[in-house]
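Okay, here's what each chain looks like letter by letter:
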Amino acid sequence: MSKSEPVCRLCPRLVAHREKIAQEKKAAFREEEYWGRPVPIFGPQSARLLVIGLAPGAHGANRTGRPFTGDTSGVWLYEALHEFGFATRATSTSRRDGLRLIDCRITNAVRCVPPDNRPTAAERKRCRPFLAEGIAVVQLPSVIITLGRVAFEECLKAWDGPAFAPQEPAFAHGAECRGGDTVLLASYHPSPLNTRTGRLTRGQFDAVFRRARELL
């Protein structure tokens, strides 16, 4: 998405929040130009792996314009992607850092940063068609990794492929279900709340990406 492209304004609360953050900024990034708009999908359209998170971070993706870039939630993600051959480097700091994804795309269930990281049900619904478009272009056979319960639930609602088996899959870390030639894998979100408390360990997180590599 370039600065000249139309910008979605369907959710007034999210529009006001993303633009307020981009204007006020964080002291550490005072000299930077914040993205402050919907964050587009990152990665090649020919990818077979799609990673779905919750929403952009206030001073991460909302600042850099790339999913999971510039905040702590992206540290484990990009290290795992690099370790299992889905990224050319283990760190993601900006849109101009030279990082390329290999056979992988990254997006969010909600493309604009929400207050307190909590999009409303209506905001999630308005953004669902964009998520559905992102899912639809992933090449088969494919793997989708959802990071957190919201991403998992939104993926199921946006899904327009063959019915998943088992039917009505429940969210749990490491859960796996199949819909035709697509396998859906669930993971806890690599947020500081989960990683610092031990709810999500590095071994548990890496195991999901190791499984994705095996499937592909």
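Please refer to the structure higher up on the page.
Heads up: these notes are all about the structure in this document. (Residues numbered from 1 in each chain as written. Predicted model: local features only at pLDDT ≥ 70, side-chain atom pairs only at ≥ 80, totals over all residues. Heavy atoms only, no water.)

### Quick notes on the side chain of serine 92
Then, number 1: The residue serine 92 is located in the loop between helix 3 (73-83) and strand 2 (104-108) in this model.
Then, number 2: Within polar-contact distance, the side chain of serine 92 engages the side chain of arginine 66 at 2.8 Å.
Then, number 3: At 2.6 Å, the side chain of serine 92 and the side chain of threonine 69 are in polar contact.
Then, number 4: Ignoring sequence-local partners within four residues, the contact set of serine 92 consists of Arg66, Thr69, Gly70, Tyr78, Asp97 and Leu99. (Helix = DSSP H or I, 4+ residues; strand = E, 2+ residues; numbered from the N terminus. Polar contact = N/O pair within 3.5 Å; in protein donor to acceptor, adjacent residues only side chain to side chain. Contact = heavy atoms within 4.5 Å.)

### Some points on the pattern of salt bridges
Then, number 1: In this structure the tally under the stated criterion is 14 salt bridges.
Then, number 2: Between arginine 202 and glutamate 79 there is a salt bridge whose closest N-O contact spans 2.6 Å. Here arginine 202 is found in helix 7 (residues 202-215), whereas its partner glutamate 79 is found in helix 3, with 123 residues between them in sequence.
Then, number 3: Note on glutamate 79: relative accessible area 27%, which makes it partly exposed.
Then, number 4: Each of Arg124, Arg128, Glu153 and Glu154 takes part in one network of salt bridges that share partners. (Salt bridge = Lys/Arg side-chain N within 4 Å of Asp/Glu carboxyl O. Buried < 20%, exposed > 50% of the residue type's maximum accessible area, 1.4 Å probe, protein only.)

### Quick word on the environment of valine 183
Then, number 1: Structurally, valine 183 can be placed in strand 5 (residues 182-187).
Then, number 2: Between the C-alpha atoms of valine 183 and isoleucine 144, which are 39 residues apart in sequence, the distance is 6.3 Å.
Then, number 3: Those residues in contact with valine 183, other than ones at most four positions away along the chain, are Ser142, Val143, Ile144, Glu176, Cys177, Arg178 and Leu215.

### Quick word on helix 3
Helical geometry: 3.6 residues make up each α-helical turn, so side chains three or four residues apart lie on a common side.
Then, number 1: Along helix 3, the residues classified as buried are Ser73, Gly74, Trp76, Leu77, Tyr78, Ala80 and Leu81.
Then, number 2: Against strand 1 (49-53), strand 2, strand 3 (142-147), helix 6 (192-197) and helix 7 lie the buried residues of helix 3.
Then, number 3: Of the residues one or two after helix 3, glycine 85 is the one with positive phi, at around 85°.

### Overview of the nonpolar core
Across soluble globular proteins, nonpolar side chains show a tendency to be buried alongside one another.
Then, number 1: The biggest cluster of nonpolar side chains holds 44 residues, and the ones touching the most others in it are Leu81, Ile106, Ile145 and Phe209.
Then, number 2: Contributing elements (two or more residues each) for this core: strand 1, helix 3, strand 2, helix 4 (121-136), strand 3, helix 5 (149-158), strand 5 and helix 7.
Then, number 3: Looking at which element gives the most residues to this core, the answer is helix 3, with five residues.
Then, number 4: Once you skip the residues sitting within four places of it in the chain, isoleucine 106 turns out to touch Pro40, Ile41, Phe42, Val51, Pro67, Phe68, Leu77, Tyr78, Leu81 and Leu101. (Core = buried A, V, L, I, M, F, W, Y, C linked by side-chain atoms within 4.5 Å.)

### Thoughts on the environment of proline 40
Then, number 1: Structurally, the position occupied by proline 40 is in the loop between helix 1 (12-24) and strand 1.
Then, number 2: The class of proline 40 is buried, set by a relative accessible area of 19%.
Then, number 3: For the pair proline 40 and glycine 134, spaced 94 residues apart in the sequence, the C-alpha separation amounts to 9.8 Å.

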